[in-house]
Amino acid sequence: MIMSGRKSPCAFFLFAYFCNSLRFCDGISLEEMVVKQAGIYEDENKASEFRDVVLVTSGNMAYMQMYRNWEKAAKRFGLKWVFIAMDKHAFDEVGEDKSILADTSSMQEGEQQWGTSGFNSMSCLKKKMVQQIIKRTSYHVVFSDCDNVFLQDPFALGTSLGDNIRDRLYDYVFQMNIADKGSLRTQCPKKKDSMVLGECNEPDEGNTGFYYLANYKKEQIVKLIDDLLTECSQKPNIDDQTNFWNVVRRLPSFIEDKDTQWTSGGFKGRRFCARVNINDPGTLSFCNLDPWQHPTGMIGEELEGEDKKNMATYHANYVIGRALKIERLRKGGAWLLE
């Protein structure tokens, strides 16, 4: 059921225009909000290595219950974040202390079904928001859909997300998009108890609803997302996930370190899970999160024993609609509102 292995509508919003170049229609500017909410933890003395990282999620009133569940999980670990409100009702509900309202001039409120033009348009514009943070600030971004719930502190030592940010090896660290445990063993064939980053095969398409995006190569990252947005405009029948990975796969794959003689513009090639610091500014260095710690689809329901205990997050994708997502989160132990 490929069509359901997508990101949550909770994260979809229109971000095409700002009220002006610096400020949203309501609340403080993007720059001010990112500075205020950066650092990951409410305790400013905790984990100073994340002082230049901001956690971001988004939603509208149709998915406010899903957001409240995500929020409850995040608060257990003392996290702070930026909420991108897709409509004024969501902005008012969450509050201006952490919420920024995207322009509503052409907003499509309510739940958007996978495969529709509205879904595809808003999913592509989700990346536009992240691009603006990269472009207009010096901060790195962790983006999470709000159906991707934190079961443990995902930034703690020993978690794939937190350790990847600390290592500072990659420009982009993404969640694998795998439906079930059988498919997981095929795509990540090595034993889970010896898993290190890079054991998964490079996928044709990862998930774009949970990832870390570094800001070290600002110009190249901005261009990469510009290329995605061009792809979206030329192929409006396709969502951001497929369009993004089409852009990435068009970059030549480098097996060894390569000096691309980069001077300006976008990336000249890609290197997957190199486990070394790729200093070449022309190379997109990227890798996957541990899919046993950060599962998707049915995997969170299927894991048992120590595997279940070791789950740090659970992304309830591969189903469509709020009711089915809530049921999937409940089965995976990630629905906290009841």
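What counts, and where the lines are drawn
Residues numbered from 1 in each chain as written. Predicted model: local features only at pLDDT ≥ 70, side-chain atom pairs only at ≥ 80, totals over all residues. Heavy atoms only, no water. Pairing = 2+ DSSP bridges. Helix = DSSP H or I, 4+ residues; strand = E, 2+ residues; numbered from the N terminus. Axes fitted to C-alpha atoms, helices over the stretch in contact; angles between N-to-C directions. Contact = heavy atoms within 4.5 Å. Buried < 20%, exposed > 50% of the residue type's maximum accessible area, 1.4 Å probe, protein only. Salt bridge = Lys/Arg side-chain N within 4 Å of Asp/Glu carboxyl O. Polar contact = N/O pair within 3.5 Å; in protein donor to acceptor, adjacent residues only side chain to side chain. pLDDT = per-residue confidence, 0-100. Parallel < 35°, antiparallel > 145°, perpendicular 65-115°, else oblique. Left-handed = near helix turned anticlockwise from the far one by under 90°. Nonpolar A, V, L, I, M, F, W, Y, C, P; charged D, E, K, R; others polar. Core = buried A, V, L, I, M, F, W, Y, C linked by side-chain atoms within 4.5 Å.

**Here's the deal with the sheet that holds strand β8 (residues 269-272)**
(1) Moving on: Overall, mixed pairing links the eight strands, which are arranged β3-β2-β1-β4-β7-β6-β9-β8 in an open sheet. Every interior strand has two partners, whereas the edge strands, β3 (99-101) and β8, have only one. For this sheet the average axis-to-axis angle between neighbouring strands, irrespective of direction, equals 30°.
(2) Moving on: In terms of strand pairing, strand β1 (residues 53-59) meets strand β2 (residues 82-85) through four bridges, oriented parallel. Within β2, the residue paired with Gly59 across the bridge is Ala85.
(3) Moving on: Against the sheet, helix α5 (residues 160-167) engages β1, β4 (140-144), β6 (172-175) and β7 (207-213), with an angle of about 40° to β7.

**Details of the pairing of strand β9 (residues 283-288)**
Across a regular strand the side chains alternate sides, sitting on one face of the sheet and then on the other.
(1) Moving on: Burial analysis of β9 places six of its six residues in the buried class, the great majority of the element.
(2) Moving on: Because side chains alternate across β9, one face comprises the buried residues Thr283, Ser285 and Cys287, and the other comprises Leu284, Phe286 and Asn288, equally buried.
(3) Moving on: Note: β6 against β9, three bridges, orientation parallel. Each residue of the ladder has a partner; that of Val173, found in β9, is Cys287.

**Quick notes on the pattern of salt bridges**
(1) Moving on: Under the defined criterion, the tally for this structure stands at 19 salt bridges.
(2) Moving on: The partner of Glu49 in a salt bridge is Arg166, with the nearest N and O atoms 2.9 Å apart. You can see Glu49 sitting in the loop between α1 (30-37) and β1 and its partner Arg166 sitting in helix α5, a full 117 residues away along the chain.
(3) Moving on: Residue Arg166 is classed as partly exposed on the basis of its relative accessible area, which comes to 24%.
(4) Moving on: Each of the salt bridges in this network shares a partner with another, and the network as a whole consists of Arg68, Glu71, Lys75 and Glu93.

**Digging into the environment of Met86**
(1) Moving on: Secondary-structure assignment places Met86 in the loop between β2 and α3 (88-94).
(2) Moving on: As for Met86 and Gly59, which are separated by 27 residues in sequence, their C-alpha atoms are 5.8 Å apart.

**Side note on helix α8 (residues 240-249)**
(1) Moving on: For α8, a buried count of nine out of 10 residues is recorded, marking the element as mostly surrounded by other parts of the structure.
(2) Moving on: Those residues of α8 not exposed but buried are Asp240, Gln241, Thr242, Asn243, Phe244, Trp245, Asn246, Val247 and Val248.
(3) Moving on: Residue Asp239 occupies the N-cap position of α8, its side-chain oxygen lying 3.3 Å from the main-chain nitrogen of Gln241.

**A short note on the confidence of the model for the chain**
(1) Moving on: Across the chain, the average pLDDT comes to 85, with 85% of residues at or above 70.
(2) Moving on: Scored below 50 in pLDDT, residues 11-25 makes 58 contacts in the model with residues more than four places away or belonging to other chains.

**Description of the packing of helix α7 (residues 218-234) against α8**
When two helices pack together, you describe them by how their axes are tilted relative to each other and by the distance separating the axes.
(1) Moving on: Running from N to C, α7 and α8 cross one another at 125°; their axes reach a closest spacing of 9 Å. Accordingly, the angle class assigned to the pair α7 and α8 is oblique. Judged by the sense of rotation from one axis to the other, the crossing of α7 with α8 is right-handed. For the pair α7 and α8, contact is made by Leu224, Asp227, Leu228, Glu231 and Cys232 and by Asp240, Asn243, Phe244, Asn246 and Val247, respectively.
(2) Moving on: Per-class residue counts for the contact of α7 with α8 are five nonpolar, two polar and three charged.

**Focus on unusual backbone geometry**
(1) Moving on: At Ile40, a position not held by glycine, the phi torsion is positive, near 75°.
(2) Moving on: With respect to the helices, strands and loops of the structure, Ile40 is situated in the loop between α1 and β1.
(3) Moving on: Phi is positive for Cys273, close to 50°, though the residue is something other than glycine.
(4) Moving on: As for its placement among the helices and strands, Cys273 is situated in the loop between β8 and β9.
(5) Moving on: The class of Cys273 is buried, set by a relative accessible area of 11%.

**Observations regarding the nonpolar core**
(1) Moving on: If you look at the biggest cluster of nonpolar residues, it comprises 93 residues, and the most contacted ones within it are Leu79 and Phe155.
(2) Moving on: Looking at this core, the element that brings in the most residues is α7, giving seven residues.
(3) Moving on: Setting aside residues up to four positions removed in sequence, Leu79 forms contacts with Ile40, Tyr41, Glu42, Leu55, Ala74, Phe150, Asp153, Pro154 and Phe155.

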